[in-house]
Amino acid sequence: MELGAENSKPVSDGKATADTPADDAGAQRPTWSGQLEFILATVGYAVGLGNVWRFPYLCYSSGGGAFIVPYLTMVFLCGVPLLCMEFAVGQYTRLGPVHAFAKICPLLKGVGLATIVISFVFCTFYNVLMGWALFYLFNSFRGTLPWSSCNNTWNVVGNCSSGFPGNATHLQSSSQQFFDHKLLEKTSGIDEAGGLQWELFGCLLLSWIIIYLCIFKGVKSTGKVVYFTAVFPYFILFALLINNVQLPGAKEGILYFVTPVWSKLFDVKVWINAAAQVFNSLGIAYGCMISMASYNKFNNNITRDVLIVSITNSLTSILAGLVIFSAVGYMSHKHNLPVDNIATDGPGLVFVVYPEVLSTMPGFQLWAPLFFIMLLCLGLDSQFGNVEVTVTFLKDEFGIKVLQYLKREELLALVVCIVGLVLGIPHVSKGGIYVFQLMDHCTAVVSLICLAFFEVVTVCWIFVSRLSLMVKRMRGRSPSIFLRLCWLLFCPLLILCILGSSIVHYTPPRYGKYIYPVWAKLVGWIISLVSIVWIPLGAIHEIYNSKGSLLQRIKQAVTPTLDLDALDPQPEKQNLDEPVLEKLLSSSV
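A quick note: this is a predicted structure, and the numbers were derived from the prediction, not measured.

A. Examining the environment of Phe55 more closely. Topologically, Phe55 is positioned in helix α2 (residues 49-61). Considered as a pair, Phe55 and Thr316 are 261 residues apart in the sequence and their alpha carbons are 9.9 Å apart. Each residue touching Phe55, except ones within four places of it in the same chain, is listed here: Gly50, Phe67, Ile68, Tyr71, Phe257, Gln277, Ser317 and Ile318.

Structure representation (structure tokens):
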């Protein structure tokens, strides 16, 4: 990591300007030690547990191989342009999302704060999944996997089945009972907390300790950890695929996954699902990509990085689908059941179905620990981004004041992790699964899509011409017509369609057959508002503090304060990756 290579903002000298607060003038911002670290960190953040459980199920239920057509279309019409937009904003401003959006459009400065809030709320319950993975990992080192039989103290013998029960609805698989009665110790509803599940709390505590040890030095430590956490899952995925395709029934499972149902292409919902999957998997609107890009060198090639992250994310989703459905096909063959009776959506696919598959595989003593280590790595990479964006905001906003009390930046990361642990405690109570499902539904569905719409409006409509100029300043050439057309037209319309579809097809939160009481649904709406309420509050605050008539205040509030003339224009045809130019840029900022 180079501490002196870049200033924290693109300004022409060390003096304070309209774009540089006096206390921050001359402040140094760390950069990634090498470009590979940034690519691995962003790939690791984008490739998460959703690639393993959501994409495979969504693909086979939305037309199989035919789903790849709308999915890849949305990657290039929505994913690539929006990711490029976030990389450009972070890299040019060298700020976290809060301060970056405040300079891009003061009226919608609340969008940046909303991204921080939603990322932190998300990481408080996403880390519970890491606790689950650790719990399964520790239990997988036994001679016999504990979820493979009904001869355990937590099993309800009368309705336990060693294997998938098929159409016998009164039976539960031993794997499902391990998940419900051993891991969760699940109560009957959200209004019955039941006390802490202490083993699970210990796993949650351990997962936060691991995260802190990986991020406490900022990009200096994270950049080194991602060499393992971002690469290791691919070794496991390929090893599992090679093993799975040799099992009986694997071919039928894969065919079920990829066989195209072309009629599905005429279903609008399939296209909306494809856009939503691209949007969620790339982590748009969480602020993490902006935050990580803010540690790049000013002239970094964002176009190359965007293509690498987008393509790797998409290929990983397809690879994970082949791994999962080859195993599901094997179980279908073993129990003589249709694939429909085994495939499921959500965490159940990797914490109920796949553990059951692992217990019947030859060499399960090897595959089971490796599989859960892979899940842990996938989740950790995503958590690095969610926690780091919060730490970056606190350093940008309160850096000097905070350090007066905490003395060291490492303690700031520790405080963030401790708060995240405390807020995650309700999820590891015996009624925690209901809290988890409620948070997941209200944060990942309602809040995120609404927030994404305002982010796209802010940058793609209000700031779009200046966004092109930012890219030109960094890369020496204007963005392509394709990118500008996507920013101006396709992306806003797609997000608007997703938002409209989410409203029209909105379903209240539920967990299996359990329906939440009214008070819990109200709590869910409050959770949704916790993040997006900052958008109107920020707009009201900006207009109130401006001077002049209402029209003048609004006009002033939508005028960017980002100084786009702070750097001399770069030559159009020069190679900006040459060390000489890096040196010139470093000396001029």
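B. Seen up close, the state of the cysteines. All told, the structure shown has one disulfide when counted by the stated rule. Covalent S-S linkage joins Cys150 and Cys160, the inter-sulfur distance amounting to 2.0 Å. Looking along the S-S bond of the Cys150-Cys160 disulfide, the torsion reads about -85 degrees, which is the left-handed sense. With a gap of ten residues between them, Cys150 in the loop between α5 (110-139) and β1 (160-161) and Cys160 in strand β1 connect regions that are remote in the sequence. Residue Cys150 shares its accessibility class with Cys160, and that shared class is buried. Free of any disulfide, Cys486 has its nearest cysteine sulfur in Cys491, 5.3 Å distant. Judged by relative accessible area, Cys486 falls into the buried class, the value being 0%.

C. Structural detail: a nonpolar patch on the surface. Where nonpolar side chains cluster on the molecular surface, the patch consists of Phe138, Phe141, Leu205, Leu206, Ile209 and Leu213 and spans about 560 Å² of accessible area. In terms of residues, the nonpolar patch owes the most to one element, helix α7 (residues 198-215), which gives four residues. Turning to its location among the elements, Ile209 is positioned in helix α7. Look at Ile209 and you get partly exposed, because its relative accessible area is 39%.

The rules behind each value
- Residues numbered from 1 in each chain as written.
- Predicted model: local features only at pLDDT ≥ 70, side-chain atom pairs only at ≥ 80, totals over all residues.
- Heavy atoms only, no water.
- Helix = DSSP H or I, 4+ residues; strand = E, 2+ residues; numbered from the N terminus.
- Contact = heavy atoms within 4.5 Å.
- Disulfide = S-S within 2.5 Å.
- Buried < 20%, exposed > 50% of the residue type's maximum accessible area, 1.4 Å probe, protein only.
- Patch = residues over 30% accessible without salt bridge, like charges linked within 9 Å, V, L, I, M, F, W, Y side chains within 5 Å.
- Areas by Shrake-Rupley, 256 points an atom, 1.4 Å probe, with all protein chains shown as cover.
- Salt bridge = Lys/Arg side-chain N within 4 Å of Asp/Glu carboxyl O.

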